[in-house]
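# Structural overview for review
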Amino acid sequence: MLHRINDRIKGILLIEIRGSGVEKFLNLALQQEIQIKGIAWLEEDCVRASVKLSDIYRLRHIARMSHCRFHIFRRIGLPFFLNRIKKRKMLGVGAFLFCIAFYLCGNIIFSVEVKSPFAVDEQSVKKVRDLATEMNIQEGSMKWNIDADAAGKYILQKFEDVTWVSVETKGNKVVIQFVKRIAIADEDQTLAAGNIVANADGVIDAVLVMKGMPIVDEGDVVSKGDILIAGIDLDGNLVAAKGIVKAKLWYTGYGECQLQETGLRYTGMETILYNIAWQGKERLNFATRAQPSYQHFTLQQESLPLVLWRNIRLPVELIKNIYKEQQEYQIVYTEEIAWQHALADAQLEVKRNLPPQAQVSDTIIRSFGDEIIKRAQVTFEVIATIGEFKQMDANALPQIKNRWNKLYGKQPQQ
Amino acid sequence: MGVKKFKKTMTSVLEMPEEIILDVMRLTLVGNGNLVIENHKGICSYAEDKIVFRNNHGDVQIEGKHLVLTQLQSDELHIEGMIEKILLPQQER
């Protein structure tokens, strides 16, 4: 490969050698270490070969000595190409200009995209674009005139609402990404007056009040929807209640396992048959194989509509029927194993229903069943947060006031 | 023991390449379309269906169809085409 490239760079001549001593010509060339390649026989006393441009003058003497004549019929390689270019100067100029134009086109900015990973208003986008324009990032600019880092810093400096900017050049496009600062409003101010209510039934374990008045105490039994912390302060003003209420909750799960388990399971064998449906009605079976002779199986059907192009469909559709073989099985468990299975199922069911971050304080396991089936019931006593904020309901106000009165011995002002 | 036999024995004992020490040709045939001959001593005749080249022990004849000498160097010869027959010179062992 490298030899060929080298030959092309230095130049190759294709010659035709004629004469009675062609073999002598070749042997003399060999003696003088002239490389001759691609020697092909044309006719009696005539061969065609290729030699390097630098060796052609030495061949003249060899031709004279071997009583042969040769003539060049083709010239290949860079020296001849350059020679041709010299004669056609405008071609060279054109090629040079093309290279320059190609390089310039690759360095011109054709578009500037300003975007943000979050939703932003049009004005912010416009402002970022204007600031980028001040730093020479605009359509028509040359790439070498753009300093992405400096432009990023400039935008950050001039646009205070922006917390992060990235200026990236991708080919002929500049992508500016920015993130705007989000003003976090005071949560208490935004929330309307409301209570902390129970989201589950349970027995109160701990109450931590940050705002509002507690109307439940430790040991109180509460139901879902009961108010736990009222949105009223000591002066009787309506406020957004805030606090943490933890309660004891009970979650029960059930599991069972038969000592003798029977059923069907897949063997892994399957047979696929194709049918044709014409306009969704008649089905022509063109499968070469007959329906499988499985004793137990499930049938899964898939419709493969024949789409010609885009949304143009043929009225014919291919129906793929997958027959999956099943076989009967029977497993006999010992009582201990069956109980373990039942218990594991029951525990799994409970854990699935547990609220997040719940702490399990106690576990009650009940076992029952007979000689055929083993059953397990698992009850978890957990301590979890049950308070959630709910806006003040006008109907609930009398109830709050009564409870408040009982606890604090006076009527709220409002 | 002649010099030639001694050389041959030594080449065999020392496991050295014979074609270098004994100056004999080495032919490498790839399929029936590519033949590389090393250590040749020149071409005797060349035609499309027959190439004869010289060797230390006589003339080697290559017969076939559309035979082309793709490379001709002082020590190496590459032949391409449909090689049908290779006739080697009688050589004493």
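Look up a bit, the structure's there.
The following refers to the structure shown.

Quick notes on the rules
Residues numbered from 1 in each chain as written. Chains lettered and ligands numbered in written order. Predicted model: local features only at pLDDT ≥ 70, side-chain atom pairs only at ≥ 80, totals over all residues. Heavy atoms only, no water. Pairing = 2+ DSSP bridges. Helix = DSSP H or I, 4+ residues; strand = E, 2+ residues; numbered from the N terminus. Contact = heavy atoms within 4.5 Å. Axes fitted to C-alpha atoms, helices over the stretch in contact; angles between N-to-C directions. Patch = residues over 30% accessible without salt bridge, like charges linked within 9 Å, V, L, I, M, F, W, Y side chains within 5 Å. Areas by Shrake-Rupley, 256 points an atom, 1.4 Å probe, with all protein chains shown as cover. Salt bridge = Lys/Arg side-chain N within 4 Å of Asp/Glu carboxyl O. Lys, Arg positive; Asp, Glu negative; His and termini not counted. Charge placed at Lys NZ, Arg CZ, Asp CG, Glu CD. Buried < 20%, exposed > 50% of the residue type's maximum accessible area, 1.4 Å probe, protein only. Buried area = accessible area lost by both parts, 1.4 Å probe. Polar contact = N/O pair within 3.5 Å; in protein donor to acceptor, adjacent residues only side chain to side chain. Nonpolar A, V, L, I, M, F, W, Y, C, P; charged D, E, K, R; others polar.

It is worth spelling out the sheet that holds strand β19 (residues 373–385) of chain A at this point. Residue and element names in this part refer to chain A. The antiparallel open sheet is built from 5 strands, whose spatial order is β11-β9-β13-β19-β18. Here the strands that pair on one side only, and so sit at the sheet edges, are β11 (221–222) and β18 (359–369). Of the pairings in the sheet, the one linking strand β9 (residues 202–211) to β11 comprises 2 bridges and is antiparallel in character. Bridged to G202 within β11 is V222. Contacting β13 (242–258), β18 and β19, helix α9 (residues 335–353) runs over the sheet at an angle of about 150 degrees to β13.

Once that is clear, we can look at the sheet that holds strand β5 (residues 111–115) of chain A. Residue and element names in this part refer to chain A. Strands sit in the order β5-β7-β6 across an open sheet of 3 strands; the sheet is mixed. Both edges of this open sheet fall to β5 and β6 (162–170), since each of them pairs with a single strand only. Strand after strand, the sheet turns through a mean of 15 degrees between neighbouring axes, direction not considered. Bridge count between β5 and strand β7 (residues 173–180): 5 bridges; the pairing is parallel. When the bridges of β7 are listed, S111 appears paired with K173. In this fold helix α6 (residues 122–134) packs onto β5 and β7, with an angle of close to 130 degrees to the strand it touches most, β7. Here helix α7 (residues 148–158) sits on the sheet in contact with β6 and β7, set at roughly 155 degrees to β6.

Residues and elements named next belong to chain A. A cluster of basic side chains, namely R75, R84, K87 and R88, defines a positive patch on the protein surface. The topology assignment puts R88 in the loop between α4 (78–87) and α5 (89–107). Judged by relative accessible area, which is 52%, R88 ranks as exposed.

Before going further, it helps to examine the interface of chain A and chain B. The partner chain B presents 15 residues to the 14 residues of chain A that form the contact. Between chain A and chain B the total buried area reaches about 1,300 Å² when both faces are included, carbon and sulfur atoms providing 61% of it. Together, E23, L30 and W41 of chain A form the three largest contributors to the area buried by chain A at its contact with chain B, with a combined 45%. For the pair chain A and chain B, the interface holds 8 residue pairs in polar contact (both at pLDDT 80 or more). Those elements giving two or more residues to the side of chain A that touches chain B turn out to be α2 (22–31) and β2 (36–43) of chain A. A per-class count over the side of chain A that touches chain B returns 8 nonpolar, 3 polar and 3 charged. Of the pairings in the sheet, the one linking β2 of chain A to strand β5 (residues 58–72) of chain B comprises 4 bridges and is antiparallel in character. Opposite I36 of chain A, over in β5 of chain B, you have L72 of chain B as the bridge partner.

This part takes up the pattern of salt bridges. Scanning all chains against the criterion turns up 14 salt bridges over all chains. With a shortest N-O distance of 3.0 Å, R375 of chain A and E256 of chain A are connected by a salt bridge. With R375 of chain A in strand β19 and E256 of chain A in strand β13, this residue pair connects regions lying 119 residues apart in the sequence. Under the relative-accessibility criterion, R375 of chain A is labelled partly exposed at 25%. Note on E256 of chain A: relative accessible area 37%, which makes it partly exposed. A salt bridge links K85 of chain B to E63 of chain B; the shortest N-O distance between them is 3.9 Å. With K85 of chain B in strand β6 (residues 76–87) and E63 of chain B in strand β5, this pair connects stretches of sequence that are 22 residues apart. In this structure, a network of salt bridges that share partners links the residues E16, R18, E43 and R48 of chain A.

Keep in mind these values describe shape, not function.
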